[in-house]
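# A look at the structure
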Amino acid sequence: MNTELTILDRQLTLHRFPANKNETLQAWDAGDEYLIHHLEEMALADNQHILVLNDHFGALSCWFSTRHRITVMSDSFIAHQGILNNLKHNHCPEVTCLTTMDAIPDDVNIVIMQIPRNNRHLVWQLSQLRQQIPSHCQVIAVNKARDIHTSTLALFERYLGQTHTSLAWKKHRLVFSQPDAAPVCVASEIEWSVDGEAIQLHNLPNVYSGESLDQGARFMLQHLPRDPKIQNIIDLGCGNGVLSVKLGQLNPEATLTCIDESYMAVASAQKNLQVNLGNDRQTHCLANNCLDGFDGANTDLVVCNPPFHQQQAITDHIAWQMFCDAKHVLCKTGKLMVIGNRHLRYDVKLARLFGKSHVKTVAGNKKFVILEATKS
Ligand SMILES: C[S@@+](CC[C@H](N)C(=O)[O-])C[C@H]1O[C@@H](n2cnc3c(N)ncnc32)[C@H](O)[C@@H]1O
């Protein structure tokens, strides 16, 4: 797998995060290369302040940091770690690393952007840019040509300003936009209540399933345990924290820990725990890669609705990592509860890890199955 990005006689060595011995995926894509070529052709004067939005693993931040001042904004903890590691590895100057909840700096000269997968997140970023940067500051975005729809360009036109696109190159296209549209105010949160439950959820723009409840989570809510012996619970990949809120209601004495790699998910979960359970509960909400750095053998219950995506890649390695980490943190007789689509066959993975006789099916329907693995 190629780790050397070479453009115009310059080379960077780039790795994804977390490091994976059998990695098959590159740490950059043709969209990064297209943006780099384009900006090099623009021959910008040195020391411009470049705002980089949604850099995947630091290709853009590393490349431009040697001649410019870089602020990079991303909602992903994994991207932050990838960017920081690659900057260090390539001996690049420091950059300012922000989340997409932070304020956009007001002295930016040019903005480059990997278009995010989630349209609500895109709209949020475009509206924030429109409010913060002057109308002469160009925004150049990139994505796979097949993912830039007429509706995507309509969002750029509505929330940012005049927009046109480049020709396709290696199946990617650039989107050029000028922040001159009439500003549209976009609320940072969407709030809704869960049918049949006393749960009110606040959802920041990039939180998973932020506009309606995930079907898997809905099924899981009906089967979460009430057990006074449960003292420590971890919600791994918590999203808006809906599973933790319900577990907190069922188990009023338990300590709740919510983990997600999205900063917006963690902030949403924190607010939802507070709003639904009050201020006196023992809760911890943390942006992290799975349970990296967690102590072993001190948790009674881990609940997990695993993701199918890690950054831009569709993968099941992250589910495996989550199950391994859950086993590590569970105390003896502690339980991991997992929900997944039937076809994903998480039962096979759990049996490999916990032993077949320690894995049972809690419930199932046509689409989903809820499994429970007990640490022996
Ligand atoms: C299918 S969603 C489940 C969200 C929520 N628990 C629910 O049931 O609605 C999976 C979550 O895992 C998070 N995630 C993805 N990769 C992660 C990682 N490496 N470490 C921690 N969380 C991760 C995603 O951001 C997403 O919020």
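The name an unreviewed UniProt entry gives the protein is Ribosomal RNA large subunit methyltransferase G, with Vibrio zhugei as the organism. The Sequence similarities (unreviewed entry) comment attached to the protein in UniProt states, word for word, "Belongs to the methyltransferase superfamily. RlmG family." Per UniProt, the comment on the protein under Catalytic activity (unreviewed entry) is "guanosine(1835) in 23S rRNA + S-adenosyl-L-methionine = N(2)-methylguanosine(1835) in 23S rRNA + S-adenosyl-L-homocysteine + H(+)".

## Quick notes on the UniProt feature "domain: RlmG N-terminal" (unreviewed entry) in the protein
Per the UniProt record, the feature "domain: RlmG N-terminal" (unreviewed entry) sits at residues 3–180. Segment residues 3–180 splits into 32% helix and 24% strand. End C-alpha atoms: 39 Å apart.

## Looking at the pairing of strand β6 (residues 110–114)
Counting buried positions along β6 gives five out of five residues, so the element sits mostly inside the fold. Side chains of β6 alternate between two faces, with Ile 110, Ile 112 and Gln 114 and Val 111 and Met 113 buried alike. Looking at chain direction, strand β3 (residues 49–53) and β6 are connected through four bridges and run parallel. Bridging from a neighbouring strand, Val 52 pairs with Ile 112 of β6. Relative to strand β7 (residues 138–144), β6 runs parallel, the two being bridged by five bridges. In the strand pairing of β7, Val 111 is matched with Val 139. Where the polypeptide runs from β6 across helix α4 (residues 119–132) and back to β7, its parallel neighbour, the crossover connection is right-handed.

## As for the site of the ligand
In the region of the ligand, 19 residues are neighbours, and Gly 237, Asp 260, Asn 289, Cys 290 and Asn 305 sit closest. The contact in question runs from a nitrogen atom of the ligand to an N or O atom on the backbone of Gly 237, over 2.8 Å. A distance of 2.6 Å separates an oxygen atom of the ligand from a polar atom in the side chain of Asp 260. For the ligand, whose accessible area on its own is 590 Å², the fraction buried by protein is 94%. Classifying every residue of the shell around the ligand gives 10 nonpolar, six polar and three charged.

## Points about helix α9 (residues 317–329)
Counted at 1.5 Å a residue, the expected span for α9 with its 13 residues is 18 Å, and the 19 Å between its end C-alpha atoms agrees. Of all the residues in α9, the buried ones are Ile 318, Ala 319, Met 322, Phe 323, Asp 325, Ala 326 and Val 329. Angular distribution of buried residues about the axis of α9 spans 165°; they occupy a single face of the element.

## Focus on the packing of α9 against helix α10 (residues 346–354)
Helix-helix packing is characterised by the crossing angle of the two axes and by the distance between the axes. Interaxial distance between α9 and α10 falls to 11 Å at its minimum, and their mutual angle equals 35°. As α9 runs across α10, the sense of the crossing is right-handed. Side by side, α9 and α10 meet where Ala 319, Trp 320, Phe 323, Cys 324 and Lys 327 of the first sit next to Tyr 346, Lys 349, Leu 350, Arg 352, Leu 353 and Phe 354 of the second. Residue composition of the contact of α9 with α10, grouped by class: eight nonpolar, no polar and three charged.

## Comments concerning the pattern of salt bridges
Summed over the entire model, instances satisfying the criterion amount to 12 salt bridges. Arg 69 serves as the salt-bridge partner of Asp 107, at 2.9 Å between the closest nitrogen and oxygen. Separated by 38 residues along the polypeptide, Asp 107 in the loop between β5 (96–98) and β6 and Arg 69 in strand β4 (residues 69–73) bring together distant segments of the chain. Take Asp 107: its relative accessible area is 36%, and that puts it in the partly exposed class. For Arg 69, a relative accessible area of 44% gives the class partly exposed. We note a salt bridge from Arg 345 to Asp 347, for which the minimum N-O separation is 2.7 Å.

Analysis parameters
- Residues numbered from 1 in each chain as written.
- Predicted model: local features only at pLDDT ≥ 70, side-chain atom pairs only at ≥ 80, totals over all residues.
- Heavy atoms only, no water.
- UniProt positions renumbered as here; feature names shortened; annotations may be inferred.
- Helix = DSSP H or I, 4+ residues; strand = E, 2+ residues; numbered from the N terminus.
- Buried < 20%, exposed > 50% of the residue type's maximum accessible area, 1.4 Å probe, protein only.
- Pairing = 2+ DSSP bridges.
- Right-handed = clockwise from strand over helix to strand, strands pointing away.
- Near = heavy atom within 4 Å.
- Polar contact = N/O pair within 3.5 Å; in protein donor to acceptor, adjacent residues only side chain to side chain.
- Areas by Shrake-Rupley, 256 points an atom, 1.4 Å probe, with all protein chains shown as cover.
- Nonpolar A, V, L, I, M, F, W, Y, C, P; charged D, E, K, R; others polar.
- Expected span 1.5 Å × (residues − 1).
- Arc of directions from axis to C-beta.
- Axes fitted to C-alpha atoms, helices over the stretch in contact; angles between N-to-C directions.
- Left-handed = near helix turned anticlockwise from the far one by under 90°.
- Contact = heavy atoms within 4.5 Å.
- Salt bridge = Lys/Arg side-chain N within 4 Å of Asp/Glu carboxyl O.

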